[in-house]
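If you want the building blocks of each chain, they are given just below.
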Amino acid sequence: MTSTATEQALPGTAPAPTSEVELSIGGMTCASCAARIEKKLNRMDGVTATVNFATEKAKVSYADGVEVADLIATVEKTGYTAEEPPPPAPHAADAGEAQAAPAAADGELLSLRQRLLVSLALSVPVVLMAMVPALQFDNWQWLSLTLAAPVVVWGAFPFHQAAWTNARHGAATMDTLVSIGTLAALGWSVWALFFGHAGMPGMRHAFEFTISRTDGSSSIYLEAAAGVTTFILAGRYLEARSKRKAGAALRALLELGAKDVSVLRGGREVRIPVAQLAVGDRFVVRPGEKIATDGTVVEGSSAVDASMLTGESVPVDVTPGDAVTGATVNAGGRLVVEANRIGADTQLARMAKLVEDAQNGKADVQRLADRISAVFVPVVLVIALGTLVTWLFVTGDTAAAFTAAVAVLIIACPCALGLATPTALMVGTGRGAQLGILIKGPEVLESTRRVDTVVLDKTGTVTTGRMRLQDVIAVPGEDEGELLRLVGALEHASEHPIAQAIAAGAVMGVPPLERSREWGRTGSLPVPENFENVAGLGVQGVVEGHAVLVGREKLLKEWSIELPPELAEAKIAAEGEGRTAVAVAWDGKARGVLTVADAVKETSAEAVAELRRLGLKPVLLTGDNQVVAESVARTVGIDEVIAEVLPEDKVDVIKRLQREGRAVAMVGDGVNDAAALATADLGLAMGTGTDAAIEAGDLTLVRGDLRVAADAIRLSRRTLATIKGNLFWAFGYNVAALPLAAAGMLNPMIAGAAMAFSSVFVVTNSLRLRSFT
């Protein structure tokens, strides 16, 4: 898939890359393979490439004048295969192409499993006969050769093939080490059997974990050759299977969408594949069905279960005018939805793209591992040769020298180094997607470790961003429910946000009222007469024979109505807390005061407490006045408030905090937050917000729940810690094992088992991230 990303080159600089392509790479067997391909691509003029061993993909940016065919040719000249993957299937209905890659991976896994099982069946007797002298009957060594030869030749064929391909291109990889080691062990054994004393009837062979001096012509290493091949095949198989599991979350995300849909055509329902759906089409979603694509409800009301997409367990009520997301499930009534976005533009497709881009990227720690892997294999070959020469010079024992050199070759394979970062990243980003957390790239993980301050935008982040009726204060002797019912009837006819908040509160009921009242339960409100909107003051009209006034205190004064002291005090107290107070009167007398405010999300206080537990200092940032901001801050437990900030000044606030030595994370959702999100050390965009904010953020929180911000930081830190733990094990293993092998303290078969275990350990450690909650 290619995309254009034209940039203006500065005078005197090389032209910036203008296009981007993602290539599927075949034939890679270790991190040094990926490093070689990356190095070759980056040597091309105008090309910047990143090759990921775990995902088997190369992300390449290239300038005008470079063709995709040139990139593929370069990869093929390096000894590997490359192809441009088919365009992403816009819907799950396009299953053929979408399933091709997983099917190919399954075929490779099956082939590897077959080689492993056959090699295991043949190797076990060979190893047992070599390790247990009691099993060594006359001429047992010839049976060992018969069983071991197919393992080394056929079982290890993928290693030999890759080693030969790399040798033809003047390169060496992990396969080179395995191939040389196993073939050398087999070759030595064949020579000793046919031309030495090892083939004599009655020959006995003692197994030792370390190397001892022997007569070289009577020593055979068939158990090492067969055992190493089997152990490495087992490690390779477990790696491949674990990598498949690591990518399962992304595949599950891609497969969430509906396959067909009932479209309304000429008043009739027509069932068509989702791929044929167009923007503007209206389609029907029955209870239990998946919503086919992103759209707007035009008819019906229901509850929508978005748990598979966002991790939110509570279904969300939707009515006409509400937006719905493709792949979510209609849990209630029949809906008619108008399609707004299809294919790659849908939220599901964009989520999948973000996750895939993150998995294909590289953190700084991975780049270090890649640089080491690129030079590691040639260094190991030199060390193996040095070990052989040193043992020959010091001991004169050819068999011991050979054994030590083979052990060095086998123990040093840098598989674990190559898998340490990509597998943890794949599992971590995949688990994040399941929880509604989208990590844009691996470099984001480093940022989450550094941040110490989190700046929270108020509207839409800490609060709902919608006005909500907070309280009803009635004069003594007046029924609060009756007051709210009459006011709600009048405000229902107004389009003003405050009026709509009061009307919604009248239908639902607010504390201290209960929805169990008959009028609240049915949601029915009287129909007003002579409704009039008084510009800038409020509304007036007749409800059930009462002349009702709702609005500013000034509106009541125009009708010569004064607020009694208790209502005047309630109004002043509400405004002191940053709420909007609305006065109510009917039939010439003041009856009560309603308070309206942008409601704080129920989970915001818990989220702030969780952010504090992570060692972050929360700061509330808003364009609202200081009184409102401080009221919200007190409600959720924030001490530091920066209020009355213009949208264009939010960036300056972030920069000022950074100049104070703070590493700043910013959480926001609006267009006016986009620049601040991009400026912050770590930008967390609420997925319920605007596209501009989501594009600018480093982490996207699909749910509008601030608690997910804390989860996102915890997951990112856990993923980074897993990567560092993996790298510590991989580096430590090679550093410790090489001297042991060179000193003759490791039998080659034990070395092969240890090498395979190191790779399996790294992948298994990464898979623990799947249990993150």
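Cut-offs applied
- Residues numbered from 1 in each chain as written.
- Predicted model: local features only at pLDDT ≥ 70, side-chain atom pairs only at ≥ 80, totals over all residues.
- Heavy atoms only, no water.
- Helix = DSSP H or I, 4+ residues; strand = E, 2+ residues; numbered from the N terminus.
- Buried < 20%, exposed > 50% of the residue type's maximum accessible area, 1.4 Å probe, protein only.
- Contact = heavy atoms within 4.5 Å.
- Areas by Shrake-Rupley, 256 points an atom, 1.4 Å probe, with all protein chains shown as cover.
- Phe/Tyr/Trp six-rings, centres within 6.5 Å; stacked < 30°, edge-to-face > 60°.
- Lys NZ or Arg CZ within 6 Å of the ring centre and 35° of its normal.
- UniProt positions renumbered as here; feature names shortened; annotations may be inferred.
- Axes fitted to C-alpha atoms, helices over the stretch in contact; angles between N-to-C directions.
- Parallel < 35°, antiparallel > 145°, perpendicular 65-115°, else oblique.
- Left-handed = near helix turned anticlockwise from the far one by under 90°.
- Nonpolar A, V, L, I, M, F, W, Y, C, P; charged D, E, K, R; others polar.
- Core = buried A, V, L, I, M, F, W, Y, C linked by side-chain atoms within 4.5 Å.
- Domains from an automatic or database assignment.
- Pairing = 2+ DSSP bridges.

**Student:** In this structure, what is going on with the overall build of the chain? I would like to understand it.
**Tutor:** What the chain contains, in helices and strands, is 28 helices and 27 strands. The buried share of the chain, reckoned over its 773 residues, is 53%. Within the chain, residue pairs in contact and separated by at least 24 positions form 69% of the contacts whose partners lie at least 6 positions apart. Split by element, the accessible area of the chain, about 32600 Å² in all, is 57% carbon and sulfur.

**Student:** In this structure, what is going on with the packing of aromatic side chains? I would like to understand it.
**Tutor:** Counted by the stated rule, this structure contains four aromatic pairs. Where Trp729 meets Phe761, the ring centres are 4.7 Å apart and the plane angle is 45°; that geometry is what we call tilted. You can see Trp729 sitting in helix 27 (residues 707-742) and its partner Phe761 sitting in helix 28 (residues 748-767), a full 32 residues away along the chain. Chaining the aromatic ring pairs together yields one cluster made of Trp188, Trp191 and Phe402. A cation sits over an aromatic face here: Arg115 above Trp154, 4.9 Å from the ring centre.

**Student:** Looking at this structure, how should I read the UniProt feature "transmembrane region" (unreviewed entry) in the chain?
**Tutor:** Here, the residues flagged by UniProt with the feature "transmembrane region" (unreviewed entry) are residues 116-134, 140-157, 177-200, 220-238, 372-394, 400-421, 726-743 and 749-767. The straight-line gap between the two end C-alpha atoms of residues 177-200 is 31 Å; of that span, 79% is helix and 0% is strand. Spanning residues 726-743, this segment combines 94% helix with 0% strand, and its end C-alpha atoms are found 26 Å apart.

**Student:** Sorry if this is basic, but what is going on with the packing of helix 5 (residues 140-155) against helix 7 (residues 174-195) here?
**Tutor:** One can describe the packing of helix 5 onto helix 7 by two numbers: an axis separation of 11 Å at closest approach and a directional angle of 155°. In this view, helix 5 runs roughly antiparallel relative to helix 7, as classed from their interaxial angle. Judged by the sense of rotation from one axis to the other, the crossing of helix 5 with helix 7 is left-handed. Residue-level inspection shows Gln141, Trp142, Leu145, Ala149, Val152 and Val153 of helix 5 in contact with helix 7, the latter providing Thr182, Leu183, Leu186, Val190, Leu193 and Phe194. Its residues assigned to classes, the contact of helix 5 with helix 7 shows 10 nonpolar, two polar and no charged.

**Student:** What's the story with the packing of helix 22 (residues 604-613) against helix 27 in this structure? I'm lost.
**Tutor:** When two helices pack together, their arrangement is given by the angle between the helix axes and the distance between those axes. In the contact formed by helix 22 and helix 27, the axes pass within 7 Å of each other and the chain directions differ by 25°. Taken together, the axes of helix 22 and helix 27 are roughly parallel relative to one another. Contact residues: Glu606, Ala607, Glu610 and Leu611 in helix 22; Arg707, Ala710, Ile713 and Arg714 in helix 27.

**Student:** Help me out: how do you make sense of the nonpolar core in this one?
**Tutor:** Nonpolar side chains in soluble globular proteins generally cluster together in the buried interior. Counting 48 residues, the largest nonpolar core has Ile437, Leu456, Leu620, Val667, Leu682, Leu684 and Leu699 as the members making the most contacts within it. Per element, the largest residue contribution to this core is nine residues, and it comes from helix 27. No fewer than three residues from each of domain 2 (106-247 + 360-423 + 724-771) and domain 4 (442-462 + 601-697) sit in this core. Dropping the residues within four chain positions of it, Val667 is found in contact with Val454, Val455, Leu456, Asp457, Thr461, Leu677, Leu684, Met686, Leu706 and Ala709. Membership of the second largest hydrophobic core comes to 24 residues, among which are Val151, Val152, Met203 and Ala399.

**Student:** What should I look at first to understand the pairing of strand 10 (residues 302-305) in this one?
**Tutor:** A regular strand places its side chains on the two faces of the sheet in alternate fashion. Relative to strand 11 (residues 316-318), strand 10 is paired through three bridges, and the arrangement is antiparallel. Across the sheet, the residue bridging to Val304 is Val316, located in strand 11. The pairing of strand 10 with strand 13 (residues 329-330) spans two bridges and is antiparallel. Bridge pairing in strand 13 links Val304 to Asn330.

**Student:** I keep staring at the environment of Pro315 and nothing clicks. Help me out?
**Tutor:** The residue Pro315 is located in the loop between helix 10 (307-310) and strand 11 in this model. Taking the C-alpha atoms as reference points, Pro315 and Ser302, 13 residues apart in sequence, are found 9.3 Å from one another. Residues contacting Pro315, with those up to four places away along its chain left out, are Ala303, Val304 and Asp305.

**Student:** Can you walk me through the pairing of strand 18 (residues 529-534) in this structure?
**Tutor:** Note that strand 18 and strand 19 (residues 538-543) share four bridges and pair antiparallel. Across the sheet, Glu532 pairs through a bridge with Gln540, a residue of strand 19. Between the antiparallel neighbours strand 18 and strand 19 lie three residues, among them Gly536 with a positive phi of about 75°.

**Student:** Would you explain the sheet that holds strand 13 in this entry?
**Tutor:** What links the strands of a sheet is backbone hydrogen bonding, and the strands pair in either a parallel or an antiparallel sense. Pairing in this open sheet of three strands is antiparallel, and the strands run 11-10-13 from one edge to the other. Edge positions in the open sheet fall to strand 11 and strand 13, since each of these has one partner strand only.

**Student:** Any chance you could explain the sheet that holds strand 27 (residues 699-701) here in plain terms?
**Tutor:** Spatially, 15-27-26-25-16-23-24 is the arrangement adopted by the seven strands of the open sheet, whose pairing is mixed. Among the strands making up the open sheet, the edge pair consists of strand 15 (437-439) and strand 24 (640-642). Averaged over all adjacent pairs, the angle separating strand axes in this sheet is 20°, with direction ignored. Pairing of strand 16 (residues 453-457) with strand 25 (residues 664-668), which is carried by four bridges, proceeds in the parallel orientation. Paired with Val454 across the strands is Ala665, a residue of strand 25. Helix 23 (residues 626-636) rests against strand 23 (617-621) and strand 24 of the sheet, and its axis sits at about 150° to strand 24. Lying over the sheet, helix 24 (residues 650-659) contacts strand 16, strand 23, strand 24 and strand 25, oriented at roughly 155° with respect to strand 25.

**Student:** Would you take a moment to explain helix 23 for this structure?
**Tutor:** Count 3.6 residues to each turn of an α-helix, and residues three or four apart come out pointing the same way. Looking at helix 23, one finds that the buried residues are Val628, Ala629, Ser631, Val632, Ala633 and Val636. The inward-facing, buried residues of helix 23 contact helix 16 (458-462), strand 17 (463-474), strand 22 (589-600), helix 22, strand 23 and strand 24. With its phi angle positive at about 90°, Gly637 sits one or two positions after the end of helix 23.

**Student:** Can you walk me through the side chain of Thr719 in this structure?
**Tutor:** Here Thr719 shows up in helix 27. Residue Thr719 is classed as buried on the basis of its relative accessible area of 1%. Apart from the residues lying within four places of it in its own chain, the contact partners of Thr719 are Ala424, Leu425, Gly428, Leu445 and Leu769.

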